[in-house]
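# Working through the structure, step by step
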Amino acid sequence: MGRVGLKIIIIAISLFVMSGIYAQHSVSGRIAVIEDGKKMYLEAVNISLSTLDSVFVTGGVSDQKGVFLLKNVASGDYQVTLSYLGYTPQVVSLNGLSKSISLEDVFMEEETTQLETVTVTASNVSNRVDRLIVFVTEQQKAGSSNGINLLNTLQLPRLTVNPVTNQVSLPGDETLQFCINGIKVNSADVRALQPGEVIRVEYLDNPGLRYGKVNVVINYVVRREVSGGFVSLDLSNAVTTSFGDDQIAAKFNYKKSEFGLKYAVSYRNPTKIWTDEERIFHFSDGSSLTRYSDGLPGKQSENYHNMSFNYNLFEERKHYFNVTLRYSFSEDDGRGYSTQYTSLNAADITNTYQGRSSIRHLPSLDLYYMRSLKNKQNIVLNVVGTYIRSDIDQLYEEKKEEEILSDIVSDVAGNKYSIIGEGIYEKTFDNTNRFTAGIKHTQAFANNDYSGTVNTRTKMNQTDSYVYAEYSGKKDKFSYTGGIGLSLWWSKQQGEKDDSFYTFRPKMTLQYNFSSGTFVRLRGEIFNTAPSLSNLSAVDQYIDTLQIMRGNPALRPNMYYSPSVLFSGKNGIYSVNFYNSYLYSPKPVLREVLRENHIFIHTYDNHKDWQKLNSELTLSAGPVKEILIVSLTGGVNYFISNGNTYHHTYTNFYYRAQVMAMYKKFAGVFQANSAYDHFAGESLYGGESSYLFMLNYNAGKFTAGAGILYPFSDQYKRIEESRNVYTPMKETMYANDFSRMVLLKFAWNFDYGRKAKSGTKRTNNTDNDSGIMTGN
């Protein structure tokens, strides 16, 4: 043949092989169902294309005609997973894909068996401009006992999950909202979820303008049942002290209707809790006094009861009506004893007592209606009415032997009424572009009677109106969201002038997707925060013989400017998240201390500015061999606080680490977290440094486990400091009950006759602010 001919053959073979490797193909198809003997096509079915080793490649959703198209697919072996609420997921294998292929009609069947029969073999992850969508694997479900600790297995960025106490938190004072199928719920509702019910988890770390100031929304997509019911019991109680969280829940479904009941109780009753304080008083005549308070172990009681009744009526692709009646009751009682002496005479000891008890009743009614219109349009209406009844009694007493030196009494009877109304319009143009607009109005009335050492009455009205519009879309590898809101705030207090404030609240997000698992996101937003009714109260409340807490009716809302950048990358089992944010607030509402003769007044005012810079890096790996998940986070906060008469800075380094192992029906967790501190005004609020171990055994219908908090310390403590020039202070709270605290957990779930559909509620309105100022 000769050398030239041989070279030609080799080149031809190489070109053929390379063309096969680098050729880009498409995968298309149409999703169909049989209803009443007729073939119909299914819209909004989720399509996920992954490799055989479960690496997500691309995805999409079917259109109004049931058609889907996945472009730019290289040659290789794949599997296509089709999923839709209420239907059995379908998996189509594509072995040796070497050209574009059409799957024609792929039929999906309505699910009539329990969800435990559904198997998702890969934790497919899809990145959107506002959320991370995670399909839960069977191994992750088997290693979880409820919806809370299921989050631990998903490695969601910046999220801390405590499997012992069932608490979920974000760094610092960032806020979190839970939803189930889009319906706003609390952590007790999530605890009632059986992991096998969950189809996917949507982690909205860039929520839209409709969510207001919420930083993260976690939405569990589960089945909407049309028959049967369930009863669940979840118990978590310490054996070393009085500490627990227990609940029972039930849900019953019949065709288009669903009824739900829930009761949850939480209690914290330590018997060895106290506070040590060192405070310096610099008087206006130039003299100074250092006061020392050595706390004595005392009792504290916190008890919370939450009940709810829910009914909803759902007709798929038409309407959804939901009514929820909630009632919560809380009762707190704290008694603090200490010996007190000063720098003038350490031998002159005074015995002090600080007692505080409060009872709060909070009933609310939530009415919600959603209507689906033609051409992918929805209208949502929501009204929430709330009443808060508060009774607070406080006593401060100083004694020397049996002689009472001072006696300060404060009793508050508070009544607050509020109503929140919201309307939302949403239009989806295609698979990726969406327009949302809405209006929200809050009206609040508060009447509070103060008696005791100070006798007065306050009557306050406050309104907050908000209108917004937002558009999101996608172009090639770019995703974007842009919107603007207008907020109008008004407040009126009896005997004071009314005040109003309006602001524009724009928000922009731009995301570039390097691949299916790697992206960079830039975000910027402006928002405002209104002062609380308690801080606006024209009331003086004595703290002790030298200090008074005073409200300020002249407070104004303050703005926040917040740019941030997030880089997220994933390659196989390894992932990295690098988050940087800056928060700037001019004229923030911050605490300050003033002097009037020999009395020190603690109050709030609008100061110059407050800034916070945060940088955080998270590295994680797992699941390794479907067993081990490891995550390590390191970060730094830098605070700048410029008051009207002061300037302070503070730096806080922190870390979070977690190791989780899952094997068959067993799951174990170890966590280590350093203190995440917060500095505002002149006050440092120290966070918690915590360690925990947790071990669970999941037998399906029931789960049993044991855990220990703070195993390496015999003393739990938290620190608070004030850098005020008039009254610098350092305070340390101790609670021995919480160190080396051992908890036992048990959960039982019983369900019967379940058959599924789906439904979604899209608002999250609530009111928890009582509007009462206390001398704390």
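From a predicted model like this one, the values you see are computed outputs, not experimental measurements.

### Notes on the overall build of the protein
From N to C terminus, the protein includes 5 helices and 48 strands. Here the C-alpha atoms of the protein give a radius of gyration of 29 Å, agreeing with the 28 Å that 2.2 N^0.38 yields for 776 residues. Principal-axis analysis of the C-alpha atoms places the extent of the protein at approximately 110 × 60 × 50 Å. Long-range pairs, those at least 24 residues apart, make up 64% of the contacts in the protein between residues at least 6 apart in sequence. Across the protein, the mean location of the 79 positive side-chain charges is 10 Å away from that of the 77 negative side-chain charges.

### A word on the pairing of strand β41 (residues 666-673)
Every regular strand shows the same layout, with side chains that alternate between the two sheet faces. Burial of β41 is extensive: 6 of the 8 residues sit out of reach of the surface. Relative to β41, strand β40 (residues 647-663) runs antiparallel, the two being bridged by 8 bridges. Each residue of the ladder has a partner; that of Ala657, found in β41, is Ala672. As consecutive antiparallel partners, β40 and β41 are separated by 2 residues, and within that stretch Lys664 has a phi angle of approximately 55°, a positive value.

### A few points about the environment of Asn152
Turning to its location among the elements, Asn152 is positioned in the loop between α3 (147-150) and β11 (160-162). Asn152 sits in the buried class, given a relative accessible area of 7%. Ignoring anything within four residues of it in the chain, the contact list for Asn152 reads Val161, Pro163, Gln658, Met660, Val669 and Gln671. Within the structure, the side chain of Asn152 is placed 3.0 Å from the side chain of Gln658, a separation counted as a polar contact.

### Some words on the environment of Asn149
Mapping Asn149 onto the fold places it in helix α3. Taking the relative accessible area as the measure of exposure, Asn149 reaches 4% and is therefore buried. Through-space distance from the C-alpha of Asn149 to that of Val201 is 13 Å; in sequence the pair is 52 residues apart.

### Structural notes on the confidence of the model for the protein
With 90% of its residues at a pLDDT of 70 or more, the protein shows a mean pLDDT of 85. For the stretch residues 112-123, pLDDT sits under 50, and the model shows 31 contacts to residues farther than four places along the chain or on other chains. This model gives residues 758-762 a pLDDT under 50, and the stretch forms 29 contacts once residues within four places in sequence are excluded.

### Focus: the nonpolar core
By size, the foremost hydrophobic cluster in this structure holds 24 residues, and its most contacted members are Leu151, Leu159, Phe178, Ile218 and Tyr220. Residue assignment for this core shows that the elements contributing at least two residues are β10 (132-135), α3, β13 (176-180), β15 (198-204) and β16 (216-222). For this core, the element with the most residues is β16, which contributes 4 residues. In contact with Tyr220, other than residues within four places in its own chain, are Gly147, Ile148, Leu151, Phe178, Cys179, Ile180, Asn181, Val190, Leu193, Val198, Arg200 and Val201. Counting residues in each nonpolar core, the second largest holds 20 residues, with Val27, Leu70, Val80 and Leu82 among its members.

### Here we look at the pattern of salt bridges
Any two side chains of opposite charge can pair, given that their charged atoms come close. This structure, assessed with the given rule, holds 28 salt bridges. Where Arg158 meets Glu616, a salt bridge forms, and the shortest distance between an N and an O atom there is 3.7 Å. One end of the pair, Arg158, is in the loop between α3 and β11; the other, Glu616, is in strand β38 (residues 609-624), with 458 residues separating them in the sequence. Residue classification places Glu616 among the buried positions, given a relative accessible area of 2%.

### Here we look at the side chain of Thr463
Within the secondary structure layout, Thr463 lies in strand β28 (residues 456-475). By relative accessible area, Thr463 is classed as buried at 13%. Excluding anything up to four places from it in sequence, Thr463 contacts His441, Thr442, Gln443, Leu488, Trp489 and Trp490.

### Quick notes on the sheet that holds strand β33 (residues 547-550)
Spatial strand order, β32-β33-β37-β36: 4 strands in an open sheet with mixed pairing. What marks the edges here is a single partner per strand, and that holds for β32 (540-542) and β36 (589-596). Recorded for the sheet is a direction-independent mean angle of 30° between the axes of neighbouring strands. Across 3 bridges, the pairing between β33 and strand β37 (residues 599-606) is parallel. Residue pairing for β37: Met549 is matched across the bridge by His602.

### A few points about the packing of aromatic side chains
Enumeration according to the criterion identifies 31 aromatic pairs in this entry. For the ring pair Phe429 and Tyr471, a centre distance of 6.0 Å and an interplane angle of 50° mean the geometry is tilted. Of the two residues, Phe429 is situated in the loop between β26 (403-428) and β27 (434-452) and Tyr471 in strand β28; the sequence distance between them amounts to 42 residues. The class for Tyr471 is partly exposed, based on a relative accessible area of 30%. Put simply, the rings of Phe243, Tyr710, Tyr716 and Phe738 touch in pairs and so form one group of aromatic residues. Across from the ring centre of Tyr579, 4.0 Å away, lies the NZ or CZ of Arg158, which sits over that ring. Taking the ring centre of Phe243 as reference, the NZ or CZ of Arg268 above it sits at 3.9 Å.

### Things to note about the environment of Asp498
For Asp498, the location among the structural elements is in the loop between β29 (478-493) and β30 (499-513). Take Asp498: its relative accessible area is 47%, and that puts it in the partly exposed class. Taking the C-alpha atoms as reference points, Asp498 and Met460, 38 residues apart in sequence, are found 9.9 Å from one another. Side-chain polar atoms of Asp498 contact the side chain of Trp490, separated by 3.2 Å.

### Examining the side chain of Ser683
The residue Ser683 is located in strand β43 (residues 683-685) in this model. With a relative accessible area of 9%, Ser683 lands in the buried category. Those residues in contact with Ser683 that sit more than four places away from it in its chain are His678 and Glu721.

### Brief notes about the pairing of strand β18 (residues 243-254)
Taken together, the 11 bridges between strand β17 (residues 224-238) and β18 define a ladder with antiparallel strand orientation. Each bridged residue has a counterpart across the sheet, and for Ser236 the counterpart in β18 is Asp245. Bridge count between β18 and strand β19 (residues 257-268): 12 bridges; the pairing is antiparallel. Within β19, the residue paired with Asp246 across the bridge is Val265. Taking the residues that link successive antiparallel strands as the turn, the β18-β19 hairpin has 2 residues, and the phi of Lys255 there is positive, at about 55°.

So, how was this worked out
- Residues numbered from 1 in each chain as written.
- Predicted model: local features only at pLDDT ≥ 70, side-chain atom pairs only at ≥ 80, totals over all residues.
- Heavy atoms only, no water.
- Helix = DSSP H or I, 4+ residues; strand = E, 2+ residues; numbered from the N terminus.
- Rg over C-alpha atoms; globule rule 2.2 N^0.38 Å.
- Contact = heavy atoms within 4.5 Å.
- Lys, Arg positive; Asp, Glu negative; His and termini not counted.
- Charge placed at Lys NZ, Arg CZ, Asp CG, Glu CD.
- Buried < 20%, exposed > 50% of the residue type's maximum accessible area, 1.4 Å probe, protein only.
- Pairing = 2+ DSSP bridges.
- Polar contact = N/O pair within 3.5 Å; in protein donor to acceptor, adjacent residues only side chain to side chain.
- pLDDT = per-residue confidence, 0-100.
- Core = buried A, V, L, I, M, F, W, Y, C linked by side-chain atoms within 4.5 Å.
- Salt bridge = Lys/Arg side-chain N within 4 Å of Asp/Glu carboxyl O.
- Axes fitted to C-alpha atoms, helices over the stretch in contact; angles between N-to-C directions.
- Phe/Tyr/Trp six-rings, centres within 6.5 Å; stacked < 30°, edge-to-face > 60°.
- Lys NZ or Arg CZ within 6 Å of the ring centre and 35° of its normal.

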